[in-house]
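Results of the structural survey
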Amino acid sequence: MSKLWGGRFTKKTDQLVEEYTASITFDKELAEEDIQGSLAHVTMLGKQGILPAADVETIKDGLHRVLQRIKRNDLEFAIADEDIHMNIEKTLIDDVGPVGGKLHTGRSRNDQVATDMHLYLRKRVVEFVDMLHKLQEALVTQAKANIDTILPGYTHLQRAQPILFAHHMMAYVSMFGRDIERLQDSYKRVNMLPLGAGALAGTTFPIDRHFVASQLKFDRVYENSLDAVSDRDFILEFLSHASIIMMHLSRLSEELILWSSTEFHFVELDDAFCTGSSIMPQKKNPDVPELVRGKTGRVYGNLVGLLTVLKSLPLAYNKDMQEDKEGMFDTVRTLQGALQLFAPMIATMKVNKDRMRQAVNQDFSNATDIADFLVGKGLPFRQAHEVIGKTVLYCIQQGKYLLDLTLDEFKQFSSLFDERIYAVLQPENVVNARNVFGGTATKQVGEAIVRAENELAGTAAWVAEYAERSR
């Protein structure tokens, strides 16, 4: 069969041009969305009297048969038919005859492909909110199990102040919570209908775009036809959000890699999420977090790639915009893989509480509390800071830690020291002294866990509602 658009042409398309310009090798992923949009479109054509009812039913029955063939993997797509839209329309015409050619009345591939991608991404947005929700649940569970576990907190990767391991886990709960908020907010821009914009200017047929929107459960319709077919902001927004999510996963990955090393030995990842060495039998490699850390770069690249494609395009549709899909699909697969593995990896992670406590007992991360102790006795903070600096230097020279010093040794640096300094320096007291909203004190972390569990319940309800709306 000749090209569905071939009436104006007198020569066949060069084979190399067909292969170079075809997108069916990757946009076949939009097959179900393409049929979903076509079913709504042809239903509207019948409602508006643009097509007779018999033709509408014939086309709908044919589309359902094509969909079943796709689901059975019983349909071979052809590069000669260029893209998923033409492949499906060609298959439909082969099935129902020339009446199948009426399906494309009142629309263009330009608004059709944009609709497919809106339908595709709104499903993914809900799925990723759900996956992030499961990861948050795993982190909260670890936090609750380690509400009394103390580890060194770091700045500049140097030990800074003791914190609760639960507090550290809850930091990531907050980070992924912002990721969820961004995705939820983006839904209203993803859930917009471009169909009916035609190639760029609308259509002469008396279509009802709002009816199609209601059929497809879109909340809004694009108001400007040029904008409708040329807008890829919603994909850029998704790629941006995905990049931030991957950045958060990569930061957590880095900490898991460090913590599971012999030098730290703070955590041990379950064997199911690690691999061994082909030559060194003692090795247990944290491959999952390493790969997540590595794959973050490709997600960044997909965002920058699409930004670069779009930066100088005139309105409305241009063939360059075919480049919007492969990076989007790759990002979806990359993010899916990372989130599917991360929640169970965190849930099965073993926390070495004793090793963390040993580390806290063998550092100077409680030094700030001595300064606060002296400030409480009236010494200006800058003078207190100098006193503690000299005290720590003395400890290093003597091979001691702060709790090893006698009171006489403390007093050689300031007469303000008394017996209470030993209680001040105990790790539990250092942690619980930070009893301010958002701090690492046990009371504050416990309240943060309660707040997070309430937010988790709200997220679960959102997923249930929007998963139904996005089907």
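Residues numbered from 1 in each chain as written. Predicted model: local features only at pLDDT ≥ 70, side-chain atom pairs only at ≥ 80, totals over all residues. Heavy atoms only, no water.

1. Remarks on the domain arrangement of the chain
Our working definition: Where each domain starts and ends comes from a domain assignment, either automatic or drawn from a database. In this analysis, two residues are considered to be in contact whenever any of their non-hydrogen atoms come within 4.5 Å of each other. By buried area we mean how much accessible surface two parts lose on assembly, using a 1.4 Å probe and totalling the loss over both. Salt bridge, as used here, is a side-chain nitrogen of Lys or Arg placed within 4 Å of a carboxyl oxygen of Asp or Glu. Put simply, DSSP H or I for four residues or longer makes a helix, DSSP E for two residues or longer makes a strand, and each gets a number counted from the N terminus. For this scheme, ten residues count as nonpolar: Ala, Val, Leu, Ile, Met, Phe, Trp, Tyr, Cys and Pro. Four count as charged, namely Asp, Glu, Lys and Arg, and the remainder, Gly too, count as polar.
When cut into domains, the chain gives domain 1 (15-105), domain 2 (110-199 + 220-353 + 446-470) and domain 3 (364-434). In this structure, domain 1 and domain 2 have C-alpha centres spaced 33 Å apart. Taken together, the 15 residues of domain 1 in the interface contact 16 residues of domain 2. Taken together, both faces of the contact between domain 1 and domain 2 bury some 1,400 Å²; the carbon and sulfur share is 56%. The three residues of domain 1 that bury the most area against domain 2 are Phe26, Leu30 and Glu33, which together make up 40% of that side's buried surface. Seen at the junction of domain 1 and domain 2, the total is two salt bridges. Notably, a salt bridge pairs Lys123 with Glu33, separated by 3.2 Å at the nearest N-O pair. Among the secondary structure elements, those contributing two or more residues to the side of domain 1 that touches domain 2 are helix 2 (24-27) and helix 3 (31-47). Of all the elements, helix 3 adds the most residues to the side of domain 1 that touches domain 2, at six residues. Taken together, the residues of the side of domain 1 that touches domain 2 sort by class into three nonpolar, eight polar and four charged.

2. Some details on the packing of aromatic side chains
This is how it is decided: In this analysis, rings of Phe, Tyr and Trp, with Trp reduced to its six-membered ring, are considered paired at centre separations within 6.5 Å, and the interplanar angle assigns stacked below 30 degrees, edge-to-face beyond 60, and tilted for intermediate values. Relative accessibility thresholds used throughout: buried, under 20% of the residue-type maximum; exposed, over 50%; partly exposed, between the two (1.4 Å probe, protein chains only).
One pass over the full model with this rule turns up 14 aromatic pairs. Ring geometry for Phe128 against Phe238: centres 5.9 Å apart, planes inclined by 20°, an arrangement best described as stacked. Here the residue Phe128 occupies a position in helix 6 (residues 109-145), and Phe238 occupies one in helix 10 (residues 233-259), the gap between them amounting to 110 residues. Comparing Phe128 with Phe238 shows no difference in burial state: the two are buried. Measuring from ring centre to ring centre gives 6.0 Å for Tyr154 and Phe264, while their planes differ by 50°; the resulting arrangement is tilted. With Tyr154 in strand 1 (residues 150-155) and Phe264 in the loop between helix 10 and strand 5 (267-268), this pair connects stretches of sequence that are 110 residues apart. A relative accessible area of 28% means that Tyr154 is categorised as partly exposed.

3. Structural notes on the pairing of strand 2 (residues 158-164)
Our working rule: At least two DSSP bridges between two strands are needed for those strands to be called paired.
Relative to strand 2, strand 1 runs antiparallel, the two sharing six bridges. When the bridges of strand 2 are listed, Thr155 appears paired with Gln158. Between strand 1 and strand 2, which follow one another and run antiparallel, lie two residues, and His156 among them has a positive phi close to 55°.

4. Brief notes about unusual backbone geometry
Cis geometry is adopted by the peptide bond preceding Ala316, which originates at Leu315 and carries an omega value of 5°. Following the sequence through the fold, Ala316 ends up in the loop between helix 11 (287-310) and helix 12 (324-347). For Leu157, which is not a glycine, the phi torsion comes out positive at approximately 60°. If you trace the backbone, Leu157 turns up in the loop between strand 1 and strand 2. Positive phi values are uncommon outside glycine, yet Lys217 reaches one of about 65°. Within the fold, Lys217 resides in the loop between helix 8 (209-215) and strand 4 (220-221). Classification of Lys217 by relative accessible area gives partly exposed; the value is 35%.

5. Examining a nonpolar patch on the surface
Test applied: Each patch groups residues whose relative accessible area exceeds 30% and which form no salt bridge, using 9 Å between like charges and 5 Å between nonpolar side chains of Val, Leu, Ile, Met, Phe, Trp and Tyr. Per-residue and other accessible areas were derived by the Shrake-Rupley procedure at a 1.4 Å probe size, with only the shown protein chains allowed to occlude residues.
Among the surface-exposed residues, Leu200, Leu226 and Leu315 lie close enough to one another that they form a single nonpolar patch of about 270 Å² accessible area. Examined against the element boundaries, Leu226 turns out to sit in helix 9 (residues 225-230). The partly exposed category is assigned to Leu226, whose relative accessible area is 30%.

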